[in-house]
Amino acid sequence: ETGKGAGAATKGRSGNGMTLEPNGASLANAVNDFNGTGVNWGTWQGGSPTVNGQSTSGGVHVISAMHQTDLAALPPALTTASYSYAGGPAPTNGLGMPGKIDALDVNVDFSKQQITNYHLQASAIGAWDVSGKGSIAAFTGATGINLAGSCSNCSGGSMGTADGTAHGAFVGAAAEGMITSFGLSSAGKSISGAAYLTR
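(A) Expanded view of the sheet that holds strand β3 (residues 20-21). Spatially, β3-β6-β7 is the arrangement adopted by the three strands of the open sheet, whose pairing is antiparallel. Sheet topology places β3 and β7 (54-55) at the edges, where each strand pairs with a single neighbour. Relative to strand β6 (residues 50-51), β3 runs antiparallel, the two sharing two bridges. Across the sheet, Leu20 pairs through a bridge with Val51, a residue of β6.

Structure follows, in structure tokens:
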């Protein structure tokens, strides 16, 4: 268990509150209390880790927040917010090779309880460009929101379709930040990662 408001991602999948058994894996790229935010992250590598009882490969990215937002107590004036990438462990492909997050921006409408746009650009084997939207309840719950887009070089050098999910939670008394995990697949390739965003 990775802590309150935890997200995890591995092998093209993401989730919230998932149970992790390291089984000999070691935690790499670990950061505790990033810039005093109470946000922690890292990547479990090697060994035979399982997530929710399922074996994984390519690293398991985890992120958690000690101070998860009580959305019911948000200031009434906070109706919309935009979040941008601020840090996190390097994403990896299904073979565990590290990549990078090129851009991650999320727009939220708190008055309508919606993630209005989740846009991710990342590199690992291919160049991934996906977006999605959905309810805050799905995003912070078990189902997550669906992402769809493209991956160049994932399918023999051509542009292929990509899809997956994103999960997350808000951080701070006034939702000053967001933690998220994402997992994507395209033509048998995959990428997964976790990130912290601020507004």
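Here the narrative resumes, following the displayed structure.
(B) Layout of the state of the cysteines. One pass over the full model with this rule turns up one disulfide. The disulfide partner of Cys151 is Cys154, and the gap between their sulfur atoms is 1.9 Å. On the sign convention where negative is left-handed, the bridge of Cys151 and Cys154, at about 55 degrees about the S-S bond, is right-handed. Residue Cys151 shares its accessibility class with Cys154, and that shared class is buried.

(C) Main features of the nonpolar core. One finds Tyr83, Phe110 and Tyr118 to be the most contacted residues of the largest nonpolar core, which totals 33 residues. Top element by residues in this core is strand β12 (residues 114-124). It accounts for five residues. Within the second largest apolar cluster, ten residues are counted, among which are Val39, Ala65, Val171 and Ala194.

(D) The arrangement of the pattern of salt bridges in detail. This model, assessed by the stated rule, comprises one salt bridge. One salt bridge in this structure joins Asp102 and Lys100, with 3.2 Å as the shortest N-O distance. Residue Asp102 is classed as partly exposed on the basis of its relative accessible area, which comes to 39%.

Cut-offs used in this document
Residues numbered from 1 in each chain as written. Predicted model: local features only at pLDDT ≥ 70, side-chain atom pairs only at ≥ 80, totals over all residues. Heavy atoms only, no water. Pairing = 2+ DSSP bridges. Helix = DSSP H or I, 4+ residues; strand = E, 2+ residues; numbered from the N terminus. Disulfide = S-S within 2.5 Å. Buried < 20%, exposed > 50% of the residue type's maximum accessible area, 1.4 Å probe, protein only. Core = buried A, V, L, I, M, F, W, Y, C linked by side-chain atoms within 4.5 Å. Salt bridge = Lys/Arg side-chain N within 4 Å of Asp/Glu carboxyl O.

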